Amino acid sequence: MDQGGQPQNVSPILTDRVLVNGTVIPLTFTGDGKLLWTGKGERCLSVEKEVLGFALEGSKIRVKAFVEKRDGICCSGNRGDLVRQSFVFEPLSEDSLRLWSQKLRDYLDSLGRPKRLLIFVNPFGGKKSATKILSQDVKPYLEDADIQITVIETKHQLHAKEVAKTLDLSKYDGIVCVSGDGILVEVVNGLLEREDWSGAVKMPIGMVPAGTGNGMVKSLLDSAGEPCTASNAILAVIRGHKRPVDVATILQGETRFFSVLMLSWGLIADIDIESEKYRWMGSARIDFYALQRILHLRHYNGRVAFVPAPGFEDYGEPTSYHGEVTSEKNPTQEESLKIRRHGYLGSDVKLESMHWRTVRGPFVLIWLQNVPWGSEDFMAAPNAKFSDGYFDLIVVKDLPKLALLSLMSKMNDGSHIKSPYVVYLKVKAFVLEPGPRVEDPMKEGIIDSDGEVIARGNVIYKGDEKALMAYNKLQVTVDQGLATVFAPAEGLDVDYK
């Protein structure tokens, strides 16, 4: 409980006497947005941080808030389990009631919170709990905040992308994904394939964890020191604070894919994609299949080239940019070719004038990461920033299996990057030339971006859908802060530039 009284040197917006539980007490609305009154001691409620909204009930005002699950209210922020709670005040006259209502409404409106949201729900992701999470953990908060919502339940892969491409954005103040990271990626790709992409991509996107990975929302909440829960996630949306996020353009010929999370080839991609056949095991499938892959470790021939950020120029050998990345044209790319007559075409950075370096395999894994957390349990790139204009690159070549097992076990806190077998650097642009397995040259690998197979070579795994790109040379460039997401206000204090 906050035992402090009214902050000094803060002029009150309004002070009046009101009824609370049958007792007349003084209630003050301070200039810095706090409601102060006496109950069980001095009590304080921060409108910006803790108040969802309010409603008039006859002669009473019901203030709807969220507080920590403990006795009392704290104005200094919420770090524990949150619960919804109402506080009822009864002004002593109709004029006072109207004045309190107007002052509260004006202050809430000044915060720039969203009033109309489109919500995508993926009922098939993760533990298939998104519909329940929406009903129990999301809607009650939105109702308290008086936010109008339109809910779309995704029916198939790329459904959210199709909607985002044609959506009348003027009807909404934001888009929310109750899902894993996949729906977020679909929405970003849909917005960037619009003719009005430059304005559309500014539409803020919120995430509520309801999938297998949840890397983006985990990264956002963790940056503010908040647990990765549905309630914390939807509160970040309601509060309306936003931050820019880098977007990578993955290019092969005329085919493009926009990534906001990661790209992997080798061990991480194999675990992520091939473990799908054990989905019935739940989240344990990742650990189970990771152990299999470590015991039967694969090495891949290939080459990577990259433009390092300042301070990371020592790794690799100098090289030059070898021109546009081409690809085999096949039926899977025809639709993409038509789409690209409109929409965002990728960064216009002059790659040939940049300072490139290169490294040849064999490789155990290549991993590009945009945000710190790859999933709720894996801090893949602890130094990654949301909008610094760089991807974090992790390279692992040959190493003993016990060392790899130790390395993988440290990914829960990011300490794996301290391993002598890990090269960790930041890059502005990147080219991958994937090759076959060393142990079996007739077999190739998988290239995974944001949890989806964007290219696969001569390899068999559960799922026979055609990949977007060929298992061939591809290029990655980063656009600083291109997309916008809802984010906790506390995380915005960190210098991400």
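Residues numbered from 1 in each chain as written. Predicted model: local features only at pLDDT ≥ 70, side-chain atom pairs only at ≥ 80, totals over all residues. Heavy atoms only, no water.

**With respect to the pattern of salt bridges**
Move 1: Following the criterion strictly, the structure yields 18 salt bridges and no others.
Move 2: Residue arginine 62 pairs with glutamate 57 through a salt bridge whose shortest N-O separation is 2.7 Å.
Move 3: Arginine 62 sits in the partly exposed class, given a relative accessible area of 26%.
Move 4: Across the pair arginine 298 and aspartate 270 runs a salt bridge, and its minimum N-O distance is 3.1 Å. In this pair, arginine 298 sits in the loop between helix 10 (284-295) and strand 15 (300-308) while aspartate 270 sits in helix 9 (residues 267-274), placing the two residues 28 residues apart along the sequence.
Move 5: Through salt bridges with shared partners, a single network forms among Glu94, Asp95 and Arg98. (Salt bridge = Lys/Arg side-chain N within 4 Å of Asp/Glu carboxyl O. Buried < 20%, exposed > 50% of the residue type's maximum accessible area, 1.4 Å probe, protein only. Helix = DSSP H or I, 4+ residues; strand = E, 2+ residues; numbered from the N terminus.)

**Observations regarding the pairing of strand 10 (residues 174-179)**
Move 1: Strand 10 sits mainly inside the fold: 6 of its 6 residues count as buried.
Move 2: Burial of strand 10 is two-sided: the residues Gly174, Val176 and Val178 facing one way and the residues Ile175, Cys177 and Ser179 facing the other way are all buried.
Move 3: Of the strand pairs in this sheet, strand 8 (residues 116-121) and strand 10 are connected by 5 bridges, and their pairing is parallel. Looking at strand 10, one finds that isoleucine 119 is bridged to valine 176. (Pairing = 2+ DSSP bridges.)

**Section: the packing of helix 4 (residues 159-166) against helix 5 (residues 181-192)**
Move 1: Across the interface, helix 4 lies against helix 5 with an axial gap of 7 Å and an inter-helix angle of 30 degrees. One element, helix 4, and the other, helix 5, form an angle in the roughly parallel class. Crossing angle aside, the handedness with which helix 4 passes helix 5 is right-handed. Along the contact surface, helix 4 presents His159, Ala160, Lys161, Ala164 and Lys165, while helix 5 presents Ile183, Glu186, Val187, Asn189, Gly190 and Leu191. (Axes fitted to C-alpha atoms, helices over the stretch in contact; angles between N-to-C directions. Parallel < 35°, antiparallel > 145°, perpendicular 65-115°, else oblique. Left-handed = near helix turned anticlockwise from the far one by under 90°. Contact = heavy atoms within 4.5 Å.)

**Some details on the environment of glutamate 195**
Move 1: Along the chain, glutamate 195 turns up in the loop between helix 5 and helix 6 (197-200).
Move 2: Glutamate 195 sits in the exposed class, given a relative accessible area of 64%.
Move 3: C-alpha of glutamate 195 to C-alpha of histidine 342: the two residues are 147 residues apart in sequence and 5.3 Å apart in space.
Move 4: Here glutamate 195 is in contact with His342 and Gly343, once residues within four sequence places are set aside.

**Here's the deal with helix 5**
Move 1: Its 12 residues give helix 5 an end-to-end C-alpha distance of 17 Å, which sits within 8% of 16 Å, the value for a rise of 1.5 Å per residue.
Move 2: Where burial is concerned, most of helix 5 is hidden: 11 out of the 12 residues are buried.
Move 3: Listed in full, the buried residues belonging to helix 5 are Asp181, Ile183, Leu184, Val185, Glu186, Val187, Val188, Asn189, Gly190, Leu191 and Leu192. (Expected span 1.5 Å × (residues − 1).)

**Thoughts on the nonpolar core**
Move 1: One finds Val178, Val187 and Met216 to be the most contacted residues of the largest nonpolar core, which totals 116 residues.
Move 2: Residues in contact with valine 178, not counting those within four places in the same chain, are Ile119, Phe120, Val121, Asn122, Ala130, Ile133, Leu134, Val208 and Ala210.
Move 3: In terms of nonpolar packing, the next biggest core, distinct from the first, is built from 23 residues, Leu45, Ile61, Phe87 and Trp100 among them. (Core = buried A, V, L, I, M, F, W, Y, C linked by side-chain atoms within 4.5 Å.)

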